[in-house]
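# Residue-level structural notes
Listed here are the chains, written in short residue letters.
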Amino acid sequence: MNFYFEAAKTLDSLDSKKGSIKGILATLPEKDRKRTAALVIETLKYKAPLTYIINEAKLLKEEKKKITSTNLALVLVHDMLLARGIQAGDGPIKQAVLRHKARLNGELQKLKIKRGYTSNDQLADNGDERAAQIPRYVRVNTSMWSTDDAIKAYISKGFSLTGPTTPKGFSRDEHIHDLLLFSAQAAFQDDHYSTVIDATAAPGNKTTHLSALMGNEGKLYAFERDKKRFKTLQMMTTKAGCKNVEALNLDFLTTDPLDSKFAQVSHILLDPSCSGSGIVNRLDHLLTTEEENETEQGDRLQKLASFQLLMIRHAMKFPRVQRIVYSTCSIHAAENEHVVRAALQTEEARSGSFELDSRENVLPQWQRRGMPKEMDDPTQAASVIRCSPGEDATNGFFVSCFVRNSSSSGTIKRKLDVVAADEHKKKKRKKQRVAAA
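Rules of the game
- Residues numbered from 1 in each chain as written.
- Predicted model: local features only at pLDDT ≥ 70, side-chain atom pairs only at ≥ 80, totals over all residues.
- Heavy atoms only, no water.
- Helix = DSSP H or I, 4+ residues; strand = E, 2+ residues; numbered from the N terminus.
- Buried < 20%, exposed > 50% of the residue type's maximum accessible area, 1.4 Å probe, protein only.
- Contact = heavy atoms within 4.5 Å.
- Phe/Tyr/Trp six-rings, centres within 6.5 Å; stacked < 30°, edge-to-face > 60°.
- Core = buried A, V, L, I, M, F, W, Y, C linked by side-chain atoms within 4.5 Å.

Here Ala315 shows up in helix α12 (residues 294-315). Residue Ala315 is classed as buried on the basis of its relative accessible area of 0%. Sequence spacing of Ala315 and Phe252 is 63 residues, and the spatial spacing of their C-alpha atoms is 8.9 Å. Here Ala315 is in contact with Phe252, Ile268, Leu270, Val321 and Ile324, once residues within four sequence places are set aside.

Encoded structure:
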């Protein structure tokens with residue numbers, strides 16, 4: 001609960017005009033600064049609607065002995081209604097807020113209806129709209145390299161000299177030639193140093209390819225639950241010289257997304273078990289098998305689809321993951337478009353702000369896309385890929401890519417800080433026990 005007291009105290013300082021937001025946040029203890037700053041900023045964005053909700057629910061009036069200030073109520077109610085819940089152990093203050101949870105949530109819903117909003121994000125104060133029109137300016141350090149070399153380097157990383165109007169576009173300033181202009185949404189992180197998960201890795205072909213794409217840098221966790229297949233995975237990655245791979249003989253679904261080991265995971269590849277109906281170059285045709293009737297096939301596909309959806313939902317729980325690729329070697333919409341559209345409707349997708357990536361980022365030149373009639377929104381079919389045996393010189397495949405909307409980054413950052421703080425406390429308690437012994 002001390003974390004919330006610190007955040008409330010910071011809001012008190014801002015209310016008293018003791019300094020700017022950046023200035024006051026800079027004075028916070030470094031250990032908790034990021035976590036506290038994220039909560040303070042997110043609470044400020046929602047201050048007006050949260051204040052209205054608290055007043056309408058009469059929270060401060062009925063719990064004045066426990067909740068001693070408006071700002072303490074603001075940070076607690078923010079986390080309860082708009083984040084992942086109050087991140088503190090049970091105590092009288094937390095219980096005081098939880099007693100009013102239904103009423104507070106009811107006032108939140110009524111406020112959204114009153115304003116005609118469909119999401120909590122619409123309640124946020126996102127500042128002056130003109131700020132989004134200002135590009136990100138990058139000054140080239142000409143003591144280290146030339147501006148022409150910098151431009152070539154950015155082009156090699158996928159950017160293009162098309163102007164700062166798209167996330168991957170940029171231009172050279174016409175007045176100051178050592179200044180480059182990028183979109184306000186441009187991201188400069190190098191994926192080579194990402195932390196990646198291959199959730200179903202054996203025999204290892206995808207894993208070794210991922211390792212190569214990462215330049216054998218960063219960290220790549222390769223999951224395989226079957227012991228025999230796990231040994232094959234180890235052999236393949238060793239043979240391919242993969243130095244950034246850590247093979248894990250574990251079921252991906254049993255992992256804790258909040259485990260500090262996976263706190264930096266930014267990309268996940270999901271290629272779960274499927275019907276294999278798109279594979280035509282195996283020798284399976286030589287085997288005599290009983291043909292399934294429509295009911296039997298439907299039941300089998302439904303079981304597979306349920307498992308596939310479970311995998312996607314679990315992947316979306318990793319707090320810092322930005323991109324999730326879901327693929328199958330199936331031609332059935334039940335395992336492809338239907339699973340994707342179901343995933344987009346889950347609580348994990350909504351709370352994590354996941355959506356399908358646009359066509360321009362998913363093999364844009366590939367002509368065969370998803371089936372519009374199988375998607376809730378037919379326009380989303382362009383965001384996914386299909387490969388058809390006999391027509392595309394491949395087996396049958398399906399590929400989709402979920403991306404996290406950048407507007408949810410504040411909540412994600414604080415969630416990770418909670419995990420880090422818990423790990424720090426555990427280590428501290430362990431040291432105290434050792435010292436006491």
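Inspection of the entire model under this criterion finds 12 aromatic pairs. Centre to centre, the rings of Phe223 and Phe252 are 5.6 Å apart; their planes meet at 75 degrees, and the pair counts as edge-to-face. Within this pair, whereas Phe223 is found in strand β5 (residues 219-223), its partner Phe252 is found in the loop between β6 (245-248) and β7 (265-270), the two being separated by 29 residues in sequence. Of the two residues examined, Phe223 and Phe252, each falls in the buried class.

Counting 38 residues, the largest nonpolar core has Tyr4, Val75, Leu76, Val77, Leu81, Val97 and Leu104 as its most contacted members. In terms of residue count, helix α6 (residues 70-82) provides more of this core than any other element does, 9 residues in total. Once you skip the residues sitting within four places of it in the chain, Val77 turns out to touch Leu50, Ile54, Leu59, Leu82, Val97 and Leu104. Among the nonpolar cores identified, the runner-up in size contains 32 residues, and Ile197, Ile268, Val340 and Phe354 belong to it.

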